[in-house]
Amino acid sequence: MSNKIYGIEETPPIKQAIPLSFQHVFAMFGATILVPLLTGLDPAVTLFTSGLGTLIFHLMTKGKVPAYLGSSFAFIAPIIAATKQFGVRGAFTGMIAAGLVYIVVFIIISLTGIDWLEKLLPPVVVGPVVMIIGLSLAPVAIAQAQKDLATALFTAALIIIFSMFGKGFIKVIPILLGTIGGYIFAITRGLVDFGPVAKASWIAIPKFSFLTGHAPEVAWGAVALVAPLALVAIIEDLGHVLVIGNIVERDLIKNPGFHRVMLGNGLATSIAALFGGPPSTTYGENIGVLAITRVYSSRVIQGAAIIAILLSFIQKIGALIEVIPQAVMGGVTIILFGMIAAAGLRTLVENKVDFSDSRNLIIASVILTLGVGGIKIPLGNFVFEGIGPATLAGILLNLVLPKITFAKVKKAEKTSTSKEAVHEA
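Residues numbered from 1 in each chain as written. Predicted model: local features only at pLDDT ≥ 70, side-chain atom pairs only at ≥ 80, totals over all residues. Heavy atoms only, no water.

Undergrad: Got a sec to walk through the overall build of the chain? Specific residues and values, please.
TA: When helices and strands are tallied, the chain shows 19 helices and four strands. Against the 2.2 N^0.38 benchmark of 22 Å for 425 residues, the chain shows a C-alpha radius of gyration of 23 Å, consistent with a compact globule. Among the 425 residues that make up the chain, the fraction classed as buried is 52%. Expressed as a percentage of contacts within the chain between residues at least 6 apart in sequence, the contacts between residues at least 24 apart total 83%. Carbon and sulfur atoms make up 67% of the accessible area of the chain, which totals about 19,300 Å². (Helix = DSSP H or I, 4+ residues; strand = E, 2+ residues; numbered from the N terminus. Rg over C-alpha atoms; globule rule 2.2 N^0.38 Å. Buried < 20%, exposed > 50% of the residue type's maximum accessible area, 1.4 Å probe, protein only. Contact = heavy atoms within 4.5 Å. Areas by Shrake-Rupley, 256 points an atom, 1.4 Å probe, with all protein chains shown as cover.)

Structure representation (structure tokens):
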């Protein structure tokens, strides 16, 4: 029997709902804001699009999947690369295309079911791809940390302490608390310039792309860089939905259906890019809040989305976030990017991927080498590099390499031994 406090369709009293919604805001805030800080996008716009995207997601899933949509870390590297090569307007086009990939998958799953997706992206492909997402970003973390190593190490230490020894809700938000603590430490070291905060208005419209002359423009090279990462994010969503289903004791893959999750996330991602925000994904941080509080109410998460939208219009908050020193973010990313890589390793362990099988070893090795090495493939006027070609190589190898199970090998060895014994006799 479920030990839930509030079910998915239930609505807590307003005096409970507001703090419960703020709890989800705290859980997602640090990671959601980190993505625009790393990619050069606007934090206030990102807050707005995360809230709007979450509401769209709940509309598409009929409010039956209690998930919050925040900024996706899977897209950090391709967004940076696309912005460098094609400008931010081109990068937005790539992000819109990533959302369309979700919608295409929604159509396919609606017609064919989900079995083909699991065959295309098994754990032996997904695990290494998730690992290289974190490992390829490791140089960014170290470069930021080197700005002031003491601040970075202090921030990282706080995150570790809160994560390991925190109790209750504190254990759910170690990244946010570590960032705040590191921020305060950086202030004592004279590393923070509050000039932009003083100049910022209390209330202001976020810097949406269509208001700042950065509306998306067609750049097929950016599409090729960014859109393929939707396949990785889709698997992340699949895992999250399965976990949420276990927590709330429902089969969410069947009802409302994973295809609806794809539609909601695809629309949220494409619409976010139209406003100037990064792609969206279901957030593990908020899943942790569900498990700890046993409050599964979708209304609570929708309340968190509304709070995020309201906060995006308070310009001073955006300015306070923007002046966070890079060294603080370096301390955060040392932990966070490593956690992403470790999550990929966890995928391999939990699915018991057998690396005594040469097939698995080859697939993982190629993905890791191409991804971490940052392979670059010139294609016309743009470069296909890093995670994209590594993911594609893993998918192709998984499709073409023959599956020779351990049992078949032992049977072959046994048959060969038997024939040799008969021959000797």
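Undergrad: For the packing of aromatic side chains, give the residues involved together with the corresponding values.
TA: Centre distance and the angle of the planes are the two values used to describe a pair of aromatic rings. Counted under the stated rule, the structure contains seven aromatic pairs. Summarising the aromatic geometry, the rings of Phe208 and Phe275 are spaced 5.2 Å apart at their centres and angled 70 degrees between planes, so their arrangement reads as edge-to-face. With Phe208 in the loop between helix H9 (195-199) and helix H10 (220-226) and Phe275 in helix H12 (residues 253-275), this residue pair connects regions lying 67 residues apart in the sequence. Judged by relative accessible area, which is 6%, Phe208 ranks as buried. Every member of this aromatic cluster is reached through a ring pair, and the members are Phe48, Phe208, Phe210, Phe275 and Phe313. Residue placement shows Lys316 over the ring face of Trp202; its charged tip is 5.5 Å from the ring centre. (Phe/Tyr/Trp six-rings, centres within 6.5 Å; stacked < 30°, edge-to-face > 60°. Lys NZ or Arg CZ within 6 Å of the ring centre and 35° of its normal.)

Undergrad: Break down the layout of surface pockets for me, with residues and values.
TA: A volume near 490 Å³ is recorded for the second largest pocket. Taken together, 22 residues make up the lining of the second largest pocket; nearest its centre are Ala77, Ile80, Ala81, Glu385 and Gly386. Of all the elements in the fold, those that place two or more residues in the lining of the second largest pocket are helix H3 (76-112), helix H6 (138-145), helix H17 (358-373), strand E4 (382-385) and helix H18 (387-400). When residues in the lining of the second largest pocket are grouped by element, the largest group, six residues, is from H3. Within the lining of the second largest pocket, the residues separate by chemical class into twelve nonpolar, seven polar and three charged. (1 Å grid on protein atoms, 1.4 Å probe; cavity = no way out; pocket = protein on both sides within 12 Å on 5 of 7 lines; lining within 4 Å. Points joined across faces, edges and corners; volume = space filled by probe spheres on them. Nonpolar A, V, L, I, M, F, W, Y, C, P; charged D, E, K, R; others polar.)

Undergrad: Any details on the nonpolar core? Residues and values, ideally.
TA: Core analysis: the biggest nonpolar cluster contains 106 residues, and Phe73, Phe75, Phe258 and Met262 have the highest contact counts within it. Counting residues per element, this core draws most heavily on H3, which supplies 14 residues. (Core = buried A, V, L, I, M, F, W, Y, C linked by side-chain atoms within 4.5 Å.)

Undergrad: Tell me about empty space enclosed by the protein, residues and numbers included.
TA: Going through the model one piece at a time under the given rule, you end up with two cavities of 30 Å³ or more. Size it by volume and the largest cavity reaches roughly 40 Å³. Leu121, Val125, Val126, Val129, Leu231, Val232, Ile235 and Thr391 are the residues that line the largest cavity. Secondary-structure elements contributing two or more residues to the lining of the largest cavity are helix H5 (123-135) and helix H11 (230-248).

Undergrad: Explain a nonpolar patch on the surface to me, using residue names and the numbers behind them.
TA: Together, Ile14, Ile18, Phe22 and Phe26 give the surface a local cluster of nonpolar side chains, amounting to about 370 Å² of exposed area. Tracing the sequence through the fold places Phe22 in helix H1 (residues 14-39). (Patch = residues over 30% accessible without salt bridge, like charges linked within 9 Å, V, L, I, M, F, W, Y side chains within 5 Å. Salt bridge = Lys/Arg side-chain N within 4 Å of Asp/Glu carboxyl O.)

Undergrad: Break down the side chain of Ser50 for me, citing the residues and quoting the values.
TA: Take Ser50: it is sitting in helix H2 (residues 43-60). For Ser50, a relative accessible area of 4% puts it in the buried group. Separated by 3.0 Å, the side chains of Ser50 and Tyr68 make a polar contact. Sequence-distant contacts of Ser50, defined by excluding residues within four places in its chain, comprise Met28, Thr32, Tyr68, Leu69, Gly70 and Ala308. (Polar contact = N/O pair within 3.5 Å; in protein donor to acceptor, adjacent residues only side chain to side chain.)

Undergrad: Can you tell me about the side chain of Gln144, naming the residues and giving the values?
TA: Its location among the elements puts Gln144 in helix H6. Overall, Gln144 belongs to the buried group, its relative accessible area being 9%. Ignoring any residue separated from it by four or fewer positions in sequence, one finds Gln144 in contact with Leu38, Gln326, Ala327, Met329, Gly330 and Thr333.

Undergrad: I'd love a proper account of the pattern of salt bridges, names of residues and values included.
TA: Under the criterion given, the structure shown has three salt bridges. A salt bridge links Glu217 to Arg89, with the shortest nitrogen-to-oxygen separation between them at 3.6 Å. Here Glu217 is found in the loop between H9 and H10, whereas its partner Arg89 is found in helix H3, with 128 residues between them in sequence. Assessed through its relative accessible area of 36%, Glu217 is described here as partly exposed.

Undergrad: Run through H6, naming residues and quoting values.
TA: Looking at H6, one finds that the buried residues are Ala141, Gln144 and Ala145. Taken around the axis of H6, the buried residues stretch over an arc of 100 degrees, which confines them to a single face. Those residues of H6 that are buried are in contact with H1, helix H7 (149-165) and helix H16 (326-350). (Arc of directions from axis to C-beta.)

Undergrad: Can you explain the packing of H5 against H18? Please cite residues and give values.
TA: Following both chains from N to C, one finds H5 and H18 inclined at 170 degrees, their axes separated by 10 Å at the closest point. With respect to their mutual orientation, H5 and H18 come out roughly antiparallel. As for how H5 packs across H18, the hand of that crossing is right-handed. Counting all contacts with H5, which are made through Val124, Val125, Val129, Ile132 and Ile133, the residues of H18 involved are Ile387, Ala390, Thr391, Gly394, Ile395 and Asn398. Partitioned by chemical class, the residues of the contact of H5 with H18 number eight nonpolar, three polar and no charged. (Axes fitted to C-alpha atoms, helices over the stretch in contact; angles between N-to-C directions. Parallel < 35°, antiparallel > 145°, perpendicular 65-115°, else oblique. Left-handed = near helix turned anticlockwise from the far one by under 90°.)

Undergrad: Describe unusual backbone geometry, naming the residues involved and giving the relevant values.
TA: In the segment running from Asn255 into Pro256, the intervening peptide bond is cis, with an omega of 15 degrees. Position of Pro256 among the secondary structure elements: in helix H12. With a phi close to 60 degrees, Lys62 is a non-glycine residue in the positive phi region. As for its position among the elements, Lys62 is in the loop between H2 and strand E1 (69-71). Its identity as a non-glycine residue notwithstanding, Lys352 has a phi of 50 degrees, on the positive side. Note on placement: Lys352 falls in the loop between H16 and H17.

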